[in-house]
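These are the residues of each chain, in order.
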Amino acid sequence: MPEAVVVAAVRTPVATAGKGTLKDVPAEELATLAVGAALERSGLASEDIDDVVLAESLYGGGVLARYAAVQAGLTHVPGQAVNRHCAGSLTAVANAAGSIRSGMDRAVIAGGVQSSSTKPTLSWRDLPGREPREGMLPTFPYYDGYTDDVTVTVGWNTMVEAGLTRAEVDAWALRSHRRAVSAIDAGVFADEIVSVPLAGEGGARQEFAVDEHPRRDTTAERLAALKPLHPEIPDFAITAGNASGVNDAAAALMLVGDDLAAQRSLRPLATVRAWASIGVAPHRMGLAATEVIPVVLKRAGLDLADVDLFEINEAFAPVPLASCRLLDIDEEKVNIFGSGCSIGHPVAASGARMLTTLTHELRRRGGGIGLAAMCAGGGMGGAVLLEVH
């Protein structure tokens with residue numbers, strides 16, 4: 001079987017939803033930009049591409065991957081939508097890698113896109129046997145016992161199960177912001193970011209090229225002063241400061257068979273070694289990242305000690321901290337440039353953003369093993385393991 005290798009990995013800057021720079025840029029435009037940049041940087045021609053697989057979440061209607069394919073000049077490419085909520089773009093990459101390793105496809109663009117600023121909202125009609133839902137604007141499929149409030153309490157449930165304190169999770173959130181700001185100032189993300197062109201005043205062209213969500217003014221005191229999101233629950237410790245942002249962004253990776261890469265003299269950036277997805281009880285969603293890591297390592301034939309860098313998404317700060325605590329992972333290997341609390345969590349794009357950052361950083365280090373893992377809404381977890389030679 002051919003190996004699935006990454007020959008391009010790009011992302012847009014991450015914007016703060018609702019009031020940020022990309023608030024008026026729809027998902028299809030962000031997707032087209034990322035797909036087009038991955039194609040351009042890969043060195044392949046449009047006719048070489050077999051498919052575009054993009055995660056989307058909370059958006060609805062159509063297939064954004066097909067739209068982006070057409071707009072990027074890939075009319076012959078069908079396009080596939082993937083929805084595994086937060087872990088969707090990890091699954092998109094896994095699906096692409098699986099298709100390449102099976103010999104069915106030779107070149108696939110995979111990633112995800114999220115425009116929380118422009119996503120549609122839902123209007124409900126009452127159903128027999130259900131409580132009235134007038135005025136609700138849910139971001140998850142509605143079913144008994146699982147609502148938006150549960151997605152907040154899973155962060156708290158994670159803290160309780162892992163034995164974490166408010167001070168510890170606030171400290172992790174502060175760490176996240178400081179590391180993201182330091183990375184931005186050092187130009188760490190320059191190689192992976194494709195800027196978003198915007199129309200400025202008077203029609204002048206502007207470029208959005210830097211993540212805007214990290215807060216330079218965050219301090220331990222400010223985080224400690226934030227009120228819990230559920231004050232009615234005794235000792236509840238999840239706040240807006242130790243939870244992820246709501247964001248807009250897109251990310252895409254070009255995956256090809258190593259045989260095609262050799263034929264075209266393309267430089268592989270990374271090899272997709274293994275992937276895994278799991279389900280857990282919805283109230284334990286925050287522990288899904290912890291539970292999926294051993295699964296993907298077993299599939300790769302590796303141990304925790306073999307991994308050089310981890311990206312464990314900060315849907316809530318307790319999520320990566322719980323993985324470190326329960327699996328005995330060295331914190332200095334985890335989210336070295338920040339994550340969801342600071343860079344942000346553009347839901348369907350976050351997994352591909354994490355893989356893009358891992359790929360470029362391991363290249364700078366001369367190689368190694370990178371593992372991206374995350375929990376996902378509804379009680380799911382996903383992970384992808386890369387190797388850079």
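Residues numbered from 1 in each chain as written. Predicted model: local features only at pLDDT ≥ 70, side-chain atom pairs only at ≥ 80, totals over all residues. Heavy atoms only, no water.

K.L.:
For this particular structure, what's the right way to read the pairing of strand S7 (residues 205-208)?
P.N.:
It is a general feature of regular strands that their side chains alternate between the two faces of the sheet. One ladder, built from 4 bridges, connects strand S6 (residues 196-199) with S7; its direction is antiparallel. Across the sheet, the residue bridging to Pro197 is Glu207, located in S7. The turn joining S6 and S7, which pair antiparallel and follow one another in sequence, is formed by 5 residues; a positive phi near 70° is taken by Gly202. (Pairing = 2+ DSSP bridges. Helix = DSSP H or I, 4+ residues; strand = E, 2+ residues; numbered from the N terminus.)

K.L.:
I tried to follow the packing of helix H8 (residues 288-300) against helix H9 (residues 318-327) on my own but got confused; where do I start?
P.N.:
Two quantities define a packed helix pair, namely the angle between the helix axes and the distance between the axes. Close contact between H8 and H9 brings their axes to 8 Å; oriented N to C, the two are set at 50°. Taken together, H8 and H9 sit at an angle that is classed as oblique. With respect to the hand of their crossing, H8 and H9 are arranged in right-handed fashion. Of the residues in H9, those in contact with Ala289, Thr290, Ile293 and Pro294 of H8 are Val319, Ala322, Ser323, Leu326 and Leu327. (Axes fitted to C-alpha atoms, helices over the stretch in contact; angles between N-to-C directions. Parallel < 35°, antiparallel > 145°, perpendicular 65-115°, else oblique. Left-handed = near helix turned anticlockwise from the far one by under 90°. Contact = heavy atoms within 4.5 Å.)

K.L.:
Got a minute to help me understand the confidence of the model for the protein chain in this structure?
P.N.:
Interpretation of the predicted coordinates at a detailed level should be avoided for regions scoring low in pLDDT. Confidence in the prediction of the protein chain, expressed as mean pLDDT, is 92, and 91% of residues score 70 or more. Ignoring residues within four places in sequence, the model shows residues 136-148, a span with pLDDT below 50, making 32 contacts including any to other chains. (pLDDT = per-residue confidence, 0-100.)

K.L.:
What am I meant to see in the environment of His76 here?
P.N.:
Structurally, the position occupied by His76 is in the loop between helix H2 (64-71) and strand S4 (80-82). For the pair His76 and Glu47, spaced 29 residues apart in sequence, the C-alpha to C-alpha distance is 7.8 Å. Among all residues touching His76, those that are not within four sequence positions of it are Ser46, Glu47 and Ile49. Here the side chain of His76 touches Ile49 through a polar contact of 3.0 Å, landing on its backbone oxygen. (Polar contact = N/O pair within 3.5 Å; in protein donor to acceptor, adjacent residues only side chain to side chain.)

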